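Remarks on the overall topology
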Number of protein chains: 2
Amino acid sequence: MRFWKGHGTENDFVLLPDLDGALDLTPDLVVRLCDRRAGVGGDGVLRVVRSAAAGVESEAEFFMDYRNADGSVAEMCGNGVRVYARYLVQAGLVPAGPLLLATRGGTKHVQVGDDLVTVDMGRARVGEPFTVDGAEAVAVDMGNPHAVLAVDSVEALGVLDPERKDVNVEYVETRGPRHVAFRVHERGVGETRSCGTGACAVVVAQVLRTGSGRGESYDVDVPGGRLEVTWRQDGHVLLTGPAVLVAQGVLREDWLTAKQP
Amino acid sequence: MRFWKGHGTENDFVLLPDLDGALDLTPDLVVRLCDRRAGVGGDGVLRVVRSAAAGVESEAEFFMDYRNADGSVAEMCGNGVRVYARYLVQAGLVPAGPLLLATRGGTKHVQVGDDLVTVDMGRARVGEPFTVDGAEAVAVDMGNPHAVLAVDSVEALGVLDPERKDVNVEYVETRGPRHVAFRVHERGVGETRSCGTGACAVVVAQVLRTGSGRGESYDVDVPGGRLEVTWRQDGHVLLTGPAVLVAQGVLREDWLTAKQP
């Protein structure tokens, strides 16, 4: 079984090329692959399969079958979709430039450049503000729920432990005009090095809070690197960032077939 | 650049086959390779090189050039030497069975079986007992210093935070005759899933404490699996355990040559 390993702002993935959908990707195998010590290691698995072979009706040739490290199915991943698109180009399956990708969260428009990849993450939905940790949070839905809180310094925060664990909570520091940094506590996971939908929610909240910057590109610093986010006038959010492929290889047959304890 | 990934009781390594010593393995490259998100991921790097090519005078054909994840050079690693030996056999460089390996800690006698690999870890040196966390610890030197403490339950310990950080501290629970479990706080690292020299020190201390079991095989449970340890009558300690190769592959040229931030 062949694999690639890649990351986007240190959100990392095991890619499994399975163009014709021949692979039986069980939750157990996903968990074993994502194990950082006894497996390859990753935040999730991206199975690369043709839409037709996956039984997905789409104008996009390829379908992103994304699985979380715990083996569960996920709709979308803003960092994963960039790494997936980078793989398609580096493997010679599509040319660089504009690309359509099918995901469980709908068909995504992607633009693959030399260093950076841009994804149209769809429309942001802003909800009623609510209170988290005694402060007013901006509620933004990017297909998943976010609560965005303004803080003076992300470094000064210490361990993130928000009272609300049922939403993704972002703590945002303003670093300049169109420049923010944030740390995120992801629902069901804890703090992570980067969160693509979180970066989108953060910029939407920042535009709303400052009353400016709509339609303009923000620099967004996360612990794992830098993203760029634009909240377009039409409501769509564009997420831009690096997508790096580290290695490619094959899994050892005796590892794949080993009895599990 | 080719690599393999493997682990022994979840102490994991990036192996770099470099038989003729052509590789310029800088500390920076070691750090990047061991990065669990932006690299391949591992507790250390095992460079596989012929002794002659490494400038090491030894009767052993191969030299284990072991590096810690922080890029520093290390003398020996009880779990790493098993994984290294397994690689030599699976890559067809040596037959299974007895094998001599050169390391910075001297030449090691290894026995490669179908599932388990045994290493003669050399002679244990027992020191004067001293006090750690208010209890009397057995001091055992296995080339590195260990302090072994008896506890009722390793599960009940919570976060390991020994007052002594200049030695490796093992907390040992007796599970039956010739059967122990331990957790370890490694000097300069923190708690790990397994420690080969720690397992040796634990069994030496257990033999001294109980006054029995010298020359007999102990089962030693660690968070990452099970090891077997025998303190021979002649003072040498034999460490036996699994050694698993997960995958093999090549690093992407553009990742290797990428400018670092």
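Residues numbered from 1 in each chain as written. Chains lettered and ligands numbered in written order. Predicted model: local features only at pLDDT ≥ 70, side-chain atom pairs only at ≥ 80, totals over all residues. Heavy atoms only, no water.

A few points about the relation of the copies chain B and chain A
Of the two same-sequence chains, chain B is brought onto chain A (RMSD 0.0 Å, axial shift 0.0 Å) by a rotation of 180°. With respect to symmetry, the two chain copies, as superposed, fit the operation of a two-fold axis. In terms of proximity to the rotation axis, the leading residue of chain B is Gly249(B), whose C-alpha is 1.8 Å off the axis. A high fraction, 100%, of the interface residues of chain B reappear at the interface in chain A, so the copies pair face to face through one surface. (Least-squares fit on C-alpha atoms with pLDDT ≥ 70 in both. Contact = heavy atoms within 4.5 Å.)

Some thoughts on helix 3 (residues 196-210) of chain A
Residue and element names in this part refer to chain A. With 15 residues, helix 3 should reach 21 Å at 1.5 Å per residue; the first-to-last C-alpha distance of 21 Å fits that figure. With 12 of 15 residues buried, helix 3 is to be regarded as a mostly interior element. Of the residues making up helix 3, those classed as buried are Gly-196, Thr-197, Gly-198, Ala-199, Cys-200, Ala-201, Val-202, Val-203, Val-204, Ala-205, Gln-206 and Val-207. Backbone geometry just downstream of helix 3 places Gly-211 in the positive-phi region, at approximately 70°. (Helix = DSSP H or I, 4+ residues; strand = E, 2+ residues; numbered from the N terminus. Expected span 1.5 Å × (residues − 1). Buried < 20%, exposed > 50% of the residue type's maximum accessible area, 1.4 Å probe, protein only.)

Points about the domain arrangement of chain A
Residues and elements named next belong to chain A. Domains assigned within chain A are domain 1 (2-122 + 243-257) and domain 2 (123-240). The straight-line distance from the C-alpha centre of domain 1 to that of domain 2 is 25 Å. Contacts between the two partners involve 13 residues from domain 1 and, on the opposite side, 22 residues from domain 2. Of the roughly 1,200 Å² buried between domain 1 and domain 2 on both sides combined, carbon and sulfur atoms contribute 51%. Three residues, Thr-9, Met-121 and Gly-122, lead the burial of domain 1 against domain 2; their summed loss comes to 42% of the area buried on that side. Summed over the shared surface of domain 1 and domain 2, the number is 2 salt bridges. Notably, a salt bridge pairs Arg-232 with Asp-120, separated by 3.7 Å at the nearest N-O pair. Where domain 1 touches domain 2, the interface holds 8 residue pairs in polar contact (both at pLDDT 80 or more). Of all the secondary-structure elements, those providing two or more residues to the side of domain 1 that touches domain 2 are helix 2 (78-90) and strand 7 (116-123). (Domains from an automatic or database assignment. Buried area = accessible area lost by both parts, 1.4 Å probe. Salt bridge = Lys/Arg side-chain N within 4 Å of Asp/Glu carboxyl O. Polar contact = N/O pair within 3.5 Å; in protein donor to acceptor, adjacent residues only side chain to side chain.)

Focus on the side chain of Lys108(A)
Residues and elements named next belong to chain A. Topologically, Lys-108 is positioned in strand 6 (residues 106-112). One buried charged residue, Lys-108, forms no salt bridge at all, with the nearest opposite charge on Asp-120 at 6.7 Å. Excluding anything up to four places from it in sequence, Lys-108 contacts Met-76, Leu-99, Leu-100, Leu-101, Thr-103, Val-119, Asp-120 and Met-121. (Lys, Arg positive; Asp, Glu negative; His and termini not counted.)

Concerning empty space enclosed by the protein
Empty space among the atoms can be located by rolling a probe the size of a water molecule over them. In this structure the tally under the stated criterion is 1 cavity of 30 Å³ or more. Here the largest cavity defines a volume of roughly 80 Å³. Considering the residues around the largest cavity, the lining is formed by Phe3(A), Lys5(A), Val40(A), Ala247(A), Phe3(B), Lys5(B), Val40(B) and Ala247(B). Counting only elements with at least two residues in the lining of the largest cavity, the list comes to strand 1 (2-8) of chain A together with strand 1 (2-8) of chain B. (1 Å grid on protein atoms, 1.4 Å probe; cavity = no way out; pocket = protein on both sides within 12 Å on 5 of 7 lines; lining within 4 Å. Points joined across faces, edges and corners; volume = space filled by probe spheres on them.)

Describing the interface of chain B and chain A
Contacts between the two partners involve 25 residues from chain B, matched on the other side by 25 residues from chain A. Sorting the residues of chain B by area buried against chain A places Arg37(B), Val246(B) and Arg252(B) first, and these three jointly supply 34% of that buried surface. Across the chain B-chain A interface, the total number found is 4 salt bridges. Linking Arg37(A) and Asp12(B) is a salt bridge whose minimum nitrogen-to-oxygen distance equals 3.6 Å. Residue assignment for the side of chain B that touches chain A shows that the elements contributing at least two residues are strand 1, strand 18 (244-251) and helix 4 (253-256) of chain B. In terms of residue count, strand 18 of chain B provides more of the side of chain B that touches chain A than any other element does, 8 residues in total. Its residues assigned to classes, the side of chain B that touches chain A shows 11 nonpolar, 5 polar and 9 charged. Looking at chain direction, strand 18 (residues 244-251) of chain A and strand 18 of chain B are connected through 5 bridges and run antiparallel. (Nonpolar A, V, L, I, M, F, W, Y, C, P; charged D, E, K, R; others polar. Pairing = 2+ DSSP bridges.)

Some thoughts on the state of the cysteines
Residues and elements named next belong to chain B. In this structure the tally under the stated criterion is 0 disulfides over all chains. Not engaged in a disulfide, the cysteine Cys-34 finds its nearest cysteine sulfur in Cys-77; these two sulfurs lie 11 Å apart. Free of any disulfide, Cys-195 has its nearest cysteine sulfur in Cys-77, 8.0 Å distant. (Disulfide = S-S within 2.5 Å.)

Overview of the pattern of salt bridges
Where charged atoms from two side chains of opposite charge approach closely, those side chains can pair. Applying the stated criterion across every chain yields a total of 50 salt bridges over all chains. The shortest N-O distance in the salt bridge between Asp43(A) and Arg37(B) comes to 2.7 Å. Taken together, the residues span two chains, with Asp43(A) in the loop between helix 1 (27-34) and strand 3 (44-50) and Arg37(B) in the loop between helix 1 (27-34) and strand 3 (44-50). In this structure Arg37(B) comes out as partly exposed when scored by relative accessible area, which is 24%. Of the charged contacts in the structure, one is a salt bridge between Arg183(B) and Glu191(B), with a shortest N-O distance of 2.8 Å. Of the residues examined, Arg183(B) reaches a relative accessible area of 13% and is grouped as buried.

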